[in-house]
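Listed below are the residues making up each chain.
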Amino acid sequence: MTNSSTALAGEYFVAAELAKMGHIALITLRNTENVDILVSNNDGTRSVNIQVKTQRGNAHNWPLNEKAEKISSPNLFYAFVTLKGDKERPEYFIVPSDVVATAITKSHADWLVTPGKNGLAHKNNPMRHFDDFELYREKWELLDL
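Residues numbered from 1 in each chain as written. Predicted model: local features only at pLDDT ≥ 70, side-chain atom pairs only at ≥ 80, totals over all residues. Heavy atoms only, no water.

Account for the pattern of salt bridges, naming residues and giving values.
Applying the stated rule across the entire model yields 12 salt bridges. Here K106 makes a salt bridge to D110, at a shortest N to O gap of 2.7 Å. Of this pair, K106 and D110 both sit in helix α2 (residues 97-113), separated by four residues, roughly a single helical turn. On the basis of relative accessibility, which here comes to 54%, the residue K106 falls in the exposed class. Salt bridges sharing partners connect three or more residues here, namely E17, K20, R89 and E138. (Salt bridge = Lys/Arg side-chain N within 4 Å of Asp/Glu carboxyl O. Helix = DSSP H or I, 4+ residues; strand = E, 2+ residues; numbered from the N terminus. Buried < 20%, exposed > 50% of the residue type's maximum accessible area, 1.4 Å probe, protein only.)

Written out as structure tokens, the structure is:
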């Protein structure tokens, strides 16, 4: 499975879960910045945007770009998805964007000041990692739909 098809599968799985809950979930076009799914409650009185990040297997490592440090909105959430085996339900972690932005900013700053291989300083790069995911397992209620 390619990275592109993994990402697309994650988006469809998240949209399906939202539809099972009675919400209206629309997957955006591939070139939509920062939003993969637009979701609304059934009567259209509340909506939020979701950015989906997907991994396969037992991975719990969803790389983010440094721009995610600045993406923070009360109506934007991340859905971190781990696709399991063919007959297993994916794992879902629903996290507010402000939580992700704060956490990755701090973790990257901590990583930069921690000595790396042979005691050398880490070099700054655009990659970020969100590690505080477990608190957000199946936290669909955070969407407040």
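Having seen the structure, we can now continue with the description.
Please provide a residue-by-residue account of the sheet that holds strand β1 (residues 24-27), values included.
On the basis of which strands lie adjacent, the open sheet formed by five strands has the order β1-β2-β3-β5-β6 and mixed pairing. Looking at the sheet topology across the chains shown, the edges are occupied by β1 and β6 (91-96). Strand-to-strand twist across the sheet, computed as the mean angle between neighbouring axes with direction ignored, equals 25°. Of the pairings in the sheet, the one linking strand β5 (residues 76-83) to β6 comprises six bridges and is antiparallel in character. Note that in β6 the partner of F80 across the bridge is F93. Sheet strands in contact with α2 are β5 and β6, and its direction is about 85° off that of β6. (Pairing = 2+ DSSP bridges. Axes fitted to C-alpha atoms, helices over the stretch in contact; angles between N-to-C directions. Contact = heavy atoms within 4.5 Å.)

Describe the layout of surface pockets, and please don't skip the residues or the numbers.
The gaps of empty space that remain are located by a probe, the size of a water molecule, rolled over the atoms. The calculated volume of the largest pocket comes to roughly 300 Å³. As for the largest pocket, its lining consists of 14 residues, and the residues nearest its centre are N3, A7, V52, K53 and T54. If you list the elements that add at least two residues to the lining of the largest pocket, you get α1 (3-20) and β3 (47-56). Counting residues per element, the lining of the largest pocket draws most heavily on β3, which supplies six residues. For the lining of the largest pocket, the residue count by class is four nonpolar, five polar and five charged. Estimated volume of the second largest pocket: approximately 210 Å³. Around the second largest pocket sit 15 residues that line it, and N34, Q51, K53, N65 and K67 are the ones nearest its centre. Looking at the lining of the second largest pocket, the elements that each hand over two or more residues are β3, β4 (63-65) and β5. (1 Å grid on protein atoms, 1.4 Å probe; cavity = no way out; pocket = protein on both sides within 12 Å on 5 of 7 lines; lining within 4 Å. Points joined across faces, edges and corners; volume = space filled by probe spheres on them. Nonpolar A, V, L, I, M, F, W, Y, C, P; charged D, E, K, R; others polar.)

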